[in-house]
Amino acid sequence: MSVGTVVVLTGAGISAESGLSTFRGPDGLWEGHHVADVATPEAFTHDPVTVQRFYNRLRARLPAVTPNAAHHALVRLEHAMGTAFHLITQNIDDLHQRAGSTRITAMHGGLTMIRHVDTGDVLSWHGDLPENEQHWRPHVVWFGERTIGLDHITEMLSQAMLFLAIGTSGTVYPANQFAAIAKRAGATTIEVNLEATAGAFDFTLTGPATQVVPGLVERLIEGPLAALAVHGG
Ligand code: BV8
């Protein structure tokens, strides 16, 4: 039996009701682009203008959107659970951070950071990058690149009592392995989504995140996690 941590994984679906589009539309395009055209190191080498323009447009959207009830509910869960809580997000928006989440690993980086291709220096960044800029890139994990914090994430999953995935299709590796890893460690696995995915989940709670997550968090704090909660709900 795991030692009793709660690990939450979020994907694009938790930000959908804040007005940010998810990734896999019916045509499988990301904002009108194929993945390989904008979210790979090769794309950045061969066509930096298209890549910088793509991320400038995504970054420019952030000031117009705000965290929703699901983001805020996860902050309440973090406050109730303290060090027994860990949030992993696949999202590159900054909505969890703006809601107040601090025990967070942004495993695919973030739109509000840029990284120097030679020194690896990372800076906070909120405006556009010049479209022909080739020394500073979005601090975002592209396909074929190593994700951030994977060793720490694997350690957290090995101690999980509860694994909760919210708004993720389970399409992308290695995040799509986390439920199975947690389950092998003895965790109960729950997903919140508009529809069940193929992941290793004991329960699927279907519905929009803003309608399902707040009530789920309150029930967890008052019920099974009450013994673990370090503060009142
Ligand atoms: C790596 C940053 C190794 C960029 C992202 C063939 C088979 C299997 C795997 C591979 C393969 N070929 C290559 C791979 C590996 C590859 C991969 O998984 N490819 C996929 C496409 C097959 N993965 C990688 O390359 C990873 N790195 O493996 O490195 C390595 C090791 C050592 C050394 C070097 C290398 C890196 C992956 C990271 C890619 N970058 N993001 C950017 O965002 O521009 S991933 C990107 O897509 C997002 O960050 C996000 O993670 C992902 C989209 O997934 P979701 O978040 O799940 O979003 P999606 O739209 O798919 O689903 C939304 C869900 O929400 C849906 O289920 C929907 O029903 C639900 N929903 C909608 N509305 C709501 C809702 N739910 C609740 N409420 C709502 N209101």
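Our subject is the structure that appears above.
Analysis parameters
- Residues numbered from 1 in each chain as written.
- Predicted model: local features only at pLDDT ≥ 70, side-chain atom pairs only at ≥ 80, totals over all residues.
- Heavy atoms only, no water.
- Pairing = 2+ DSSP bridges.
- Helix = DSSP H or I, 4+ residues; strand = E, 2+ residues; numbered from the N terminus.
- Axes fitted to C-alpha atoms, helices over the stretch in contact; angles between N-to-C directions.
- Contact = heavy atoms within 4.5 Å.
- 1 Å grid on protein atoms, 1.4 Å probe; cavity = no way out; pocket = protein on both sides within 12 Å on 5 of 7 lines; lining within 4 Å.
- Points joined across faces, edges and corners; volume = space filled by probe spheres on them.
- Nonpolar A, V, L, I, M, F, W, Y, C, P; charged D, E, K, R; others polar.
- Phe/Tyr/Trp six-rings, centres within 6.5 Å; stacked < 30°, edge-to-face > 60°.
- Buried < 20%, exposed > 50% of the residue type's maximum accessible area, 1.4 Å probe, protein only.
- Arc of directions from axis to C-beta.
- Domains from an automatic or database assignment.

Visitor: Quick rundown of the sheet that holds strand E6 (residues 136-140)? Include the residues and the values.
Guide: Spatial strand order, E5-E4-E6: 3 strands in an open sheet with antiparallel pairing. Every interior strand has two partners, whereas the edge strands, strand E5 (122-124) and E6, have only one. Across the sheet, the mean angle separating the axes of adjacent strands is 45 degrees when strand polarity is ignored. In this structure, strand E4 (residues 109-116) lies alongside E6, joined through 4 bridges in antiparallel fashion. Bridge pairing in E6 links arginine 115 to arginine 137. In this fold helix H4 (residues 48-61) packs onto E4 and E6, with an angle of close to 55 degrees to the strand it touches most, E6.

Visitor: A description of the layout of surface pockets should follow, citing residues and the corresponding values.
Guide: One number sums up the size of the second largest pocket: a volume of about 190 Å³. As for the second largest pocket, its lining consists of 19 residues, of which Gly170, Asn176, Thr197, Gly199 and Phe201 are closest to the centre. Looking at the lining of the second largest pocket, the elements with two or more residues in it are strand E7 (160-166), helix H8 (178-184) and strand E8 (188-193). Of the residues belonging to the lining of the second largest pocket, the class tally is 9 nonpolar, 9 polar and 1 charged.

Visitor: Tell me about the packing of aromatic side chains, residues and numbers included.
Guide: Aromatic ring pairs are reported here in terms of the distance separating the ring centres and the angle at which the planes meet. Enumeration over the complete set of coordinates arrives at 4 aromatic pairs. When the centroid spacing of 4.9 Å and the interplanar angle of 90 degrees are considered together, the rings of phenylalanine 54 and tyrosine 55 count as edge-to-face. Measuring from ring centre to ring centre gives 6.1 Å for tyrosine 55 and tryptophan 142, while their planes differ by 45 degrees; the resulting arrangement is tilted. In this pair, tyrosine 55 is assigned in helix H4 and tryptophan 142 in the loop between E6 and helix H7 (150-158), connecting sequence segments 87 residues apart. Accessibility classification places tyrosine 55 together with tryptophan 142 in one group, the buried group.

Visitor: Please provide a residue-by-residue account of unusual backbone geometry, values included.
Guide: Backbone torsion omega between tyrosine 173 and proline 174 reads 0 degrees, so that peptide bond is classified as cis. With respect to the element layout, proline 174 can be found in the loop between E7 and H8.

Visitor: Mind laying out H7, listing which residues take part and the relevant values?
Guide: Listing the buried residues of H7 in full gives Ile153, Met156 and Leu157. End-on, the buried residues of H7 take up no more than an arc of 100 degrees, which puts them together on one face. Looking at the packing, one finds that the buried side of H7 touches strand E1 (5-10), strand E2 (85-89), strand E3 (104-106), E7 and H8.

Visitor: Give me empty space enclosed by the protein: which residues, what numbers.
Guide: On inspection of all chains with the given rule, the structure shows 1 cavity of 30 Å³ or more. Of the voids in this model, the largest cavity is the one considered here, and its volume is about 230 Å³. Each residue belonging to the lining of the largest cavity can be placed in one class, and the counts come to 9 nonpolar, 4 polar and 3 charged. If you count residues domain by domain, the lining of the largest cavity takes at least three from each of domain 1 (6-20 + 67-108 + 147-231) and domain 2 (29-64 + 114-140).

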